[in-house]
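Working through the structure, step by step
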Protein chains: 2
Amino acid sequence: MPAIKDVARRAGVSVATVSRVLNDHPSVRADTRERVLAAVADLGYRPNAVARSLRTDQTRTLGLVISDVLNPFFTELARSVEDAARELDYSVVIGNADERPDLQDHHVRTLMDRRIDGLLVSPTDGGSPMMLAAARAGTPMVFVDRWIEDEGLDRVPVIRTDGRGAIRALVAHLCALGHRRVAIIAGPAATTTGRERVDAFRSALREFGLELHEDHIGQGTSRPPAAAG
Amino acid sequence: MPAIKDVARRAGVSVATVSRVLNDHPSVRADTRERVLAAVADLGYRPNAVARSLRTDQTRTLGLVISDVLNPFFTELARSVEDAARELDYSVVIGNADERPDLQDHHVRTLMDRRIDGLLVSPTDGGSPMMLAAARAGTPMVFVDRWIEDEGLDRVPVIRTDGRGAIRALVAHLCALGHRRVAIIAGPAATTTGRERVDAFRSALREFGLELHEDHIGQGTSRPPAAAG
DNA sequence: TTGTATGCGTTATCAC
DNA sequence: GTGATAACGCATACAA
């Protein structure tokens, strides 16, 4: 794999000049630029992102730690995040915590070792030591879908859906339709989203004067049955 | 974020010594090791993987380019790959090609720029220029689930299921049950797996003397309906 | 056993 | 406009 010095040699210029055309710095004569570009082309040269990151102190990489890859919601989320990131010339590295705090920390640690520029996390219930420490230490971080309310975490932005509003709207709709016995199957209770929904459900029933049966509150997983590739 | 020199200073040793205990090199006195470890601990030092990669020329990272993240098969695959890799202290970076050759190449390029140690690819139909070039150039690569038969690619290992055998077994089973009109819904025709299955289906029908209706060969997607997070 | 010095591939600062 | 060269954080060959 050719390095910048190979390109320089072939183009008959210094590595500095090659670097300049690569980062399209203004001060480089048109014809030298051409020569460099030609050398790049026929050497099939590609800048070493590792070296570049070491030097510039940025990796153009985002970490995304999700709680469950097998949940289609998160797989769609991952896809959207990657789409948006790619648009800005960022890569995203996904870590699957599988609802396990220790695994979540493993990924946070690995990603930080790799010096990612920022971290998106849909935290497992209660968070995990390393991830909380990173957040408090000011690591660029955003919570997605789920969140954690704890000291020192108020500066971590949260991107999420309005579960409470959604549940209320659903109950309102069913109520307007004349239904009086409504039930809910929410996600795992060990998630902020799951709890929020059940809680909102109780509130909504109360608000609309519907009777609440405790056994009308169910809990499910968010995973689909398996498929074939 | 502390660097190795900070640890060295704090432990009163040289960076070389710190590096040695970090990579548990044998020749380092027990008590100095302790001192270094202590310094590491209370500085919360973590080796910079970027710098380490540049120096050692290995990233302990695998690239996994799949054709469709929204297909649960690939999401399970990704999960398994990551599990196995983690066991060996490797990370895996996933790229979603979304069945688009250009996107596939984008990911191959990005991953190679990042100097990943190896590439797992479930190629889109017909492959893509950069990915084929990489394979021919000897980039450590293995095909998963799907594959490509082309010149210079015979040294790329393929990990896949025995779709042909599976279809034959299915038809045999149905036939033994006395069924005479069997149909198939295979995956996208633009995949090796999809074509293999339809092909095997035809063969099996012939073998078992069943009549083949062309309109009994359907084609579907492998995506589940959406779910909530 | 430990320290000094070099180099990995870049970018950026300084000369010219 | 272009070229030496230092520095990024680390691992290692060589000296001591």
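Every chain begins its residue count from 1, and numbering advances along the sequence as written. For naming, the first written chain is A and the first written ligand is 1, with later ones following in the order written. Given that the model is predicted, a residue must reach a pLDDT of at least 70 before its local features are reported, and side-chain atom pairs must reach 80 or more before they are shown or counted; all residues, however, enter totals for whole chains, interfaces and linings. Side-chain calculation: all heavy atoms of the structure are included, whereas hydrogens and water are not.

If you check an unreviewed UniProt entry, chain A appears there as HTH lacI-type domain-containing protein from Streptomyces violaceusniger.

If a strand is regular, its side chains alternate between the two faces of the sheet. Residues and elements named next belong to chain A. The pairing of strand β3 (residues 118-121) with strand β4 (residues 141-144) spans 3 bridges and is classified as parallel. Looking at β4, one finds that L120 is bridged to V142. As for the winding sense of the linkage, the β-α-β connection from β3 through helix α7 (residues 129-136) to β4 is right-handed. In the sheet, β4 pairs with strand β5 (residues 158-159) via 2 bridges, with the strands oriented parallel. Bridging across to β5, F143 finds its partner in V158. Paired strands, in this sense, are two strands between which DSSP finds at least two bridges. Numbering of helices and strands runs from the N terminus, with a helix taken as a DSSP run of H or I at least four residues long and a strand as a DSSP run of E at least two residues long. The handedness of a crossover follows from its direction of travel: if, with the strands pointing away from the viewer, the path from the first strand over the helix to the second runs clockwise, the crossover is right-handed.

Boundaries between domains were set according to an automatic or database domain assignment. The domain architecture assigned to chain A consists of domain 1 (4-47), domain 2 (57-159) and domain 3 (163-228). Taking the mean C-alpha position of each, domain 1 of chain A and domain 2 of chain A sit 37 Å from one another.

Attention shifts here to the sheet that holds strand β2 (residues 91-96) of chain B. All names here are of chain B. Reading across from one edge, β2-β1-β3-β4-β5 is the order of the 5 strands in this open sheet, with parallel pairing throughout. In the strand order of this sheet, the two ends are held by β2 and β5 (158-159), each with one partner. Whether two residues are in contact is decided by their heavy atoms, any of which lying within 4.5 Å being enough. Only the stretch in contact is used when fitting a helix axis, every axis being a line fitted to C-alpha atoms; angles between N-to-C directions are given from 0 to 180 degrees. Strands β1 (61-66), β2 and β3 (118-121) of the sheet are contacted by helix α6 (residues 101-113), whose axis makes an angle of about 175° with β1.

So, about the sheet that holds β5(A). Residue and element names in this part refer to chain A. With parallel pairing, the 5 strands of this open sheet are ordered in space as β2-β1-β3-β4-β5. Every other strand in the sheet has two partners, leaving β2 (91-96) and β5 as the edge strands with one partner each. Sheet topology places strand β1 (residues 61-66) next to β3; 4 bridges connect them, and they run parallel. Its bridge partner being in β3, L64 is matched across the sheet by L120.

Alignment of copies: least-squares fit on C-alpha atoms of residues with pLDDT of at least 70 in both copies. Its rotation angle being 180°, the transformation that places chain A on chain B also includes 0.0 Å of axial translation and leaves an RMSD of 0.0 Å. Interpreted geometrically, this transformation is the action of a two-fold axis. An overlap of 100% is found between the interface residues of chain A and their copies at the interface of chain B, pointing to a shared contact surface.

Residues and elements named next belong to chain A. Partly exposed describes any residue whose relative accessible area lies between the buried limit of under 20% and the exposed limit of over 50%, with all areas from a 1.4 Å probe on protein chains only and scaled to the type maximum. Among the residues making up helix α1 (residues 4-11), those that are buried are V7, A8 and A11. Seen from one end, α1 has its buried residues packed into an arc of 100°, which puts them on one side. Opposite the packed face of α1, turned more than 90 degrees from it, sit the exposed residues R9 and R10. On its buried face, α1 is in contact with α2 (15-22) and α3 (30-43). The positive-phi residue at the C-terminal boundary of α1 is G12, with phi of around 70°. Summarising the geometry, the arc corresponds to the directions from the helix axis toward the C-beta atoms.

This paragraph deals with empty space enclosed by the protein. Cavities and pockets are defined on a 1 Å grid built over the protein atoms alone: a cavity is a set of grid points where a 1.4 Å probe fits but cannot escape, while a pocket is an open set with protein on both sides within 12 Å along at least five of seven lines, and lining residues are those with an atom within 4 Å of any such point. Grid points are joined across faces, edges and corners, and a volume is the space filled by probe spheres set on the points. Per the stated rule, a full pass over the model turns up 7 cavities of 30 Å³ or more. Considered as a void within the structure, the largest cavity measures approximately 410 Å³ in volume. Lining the largest cavity are 26 residues, with A:T61, A:V93, A:R114, B:V93 and B:R114 positioned closest to its centre. Examining the composition of the lining of the largest cavity, we find that 4 residues originate from one element, α6(B), more than from any other. One number sums up the size of the second largest cavity: a volume of about 110 Å³. Of all the secondary structure elements, the ones that give two or more residues to the lining of the second largest cavity are β2 and α6 (101-113) of chain A together with β2 of chain B. Ten residues, namely Ala, Val, Leu, Ile, Met, Phe, Trp, Tyr, Cys and Pro, are considered nonpolar, four, namely Asp, Glu, Lys and Arg, are considered charged, and the remaining ones, Gly among them, are considered polar. Residue composition of the lining of the second largest cavity, by class: 5 nonpolar, 5 polar and 2 charged.

Let's shift gears to the protein's contact with DNA strand C. Think of it this way: one heavy atom of a residue within 4 Å of a molecule or strand is enough to make that residue near it. In the vicinity of DNA strand C lie 26 residues, with A:I4, A:R55, B:T17, B:R20 and B:R55 positioned nearest. Two N or O atoms count as a polar contact when they lie within 3.5 Å, although within protein this holds only if one can serve as hydrogen donor and the other as acceptor, and sequence-adjacent residues are included solely when both atoms are side-chain atoms. A:I4 places a polar main-chain atom, nitrogen or oxygen, 2.6 Å from a phosphate oxygen of DNA strand C. Take B:S14: an N or O atom from its main chain is 2.9 Å from a phosphate oxygen of DNA strand C. Those elements that provide at least two residues to the surface near DNA strand C are α1, α2 and α4 (49-56) of chain A together with α2 (15-22) and α4 (49-56) of chain B. No other element matches the 4 residues that α4(A) contributes to the surface near DNA strand C. The class makeup of the residues in the surface near DNA strand C is 10 nonpolar, 8 polar and 8 charged.

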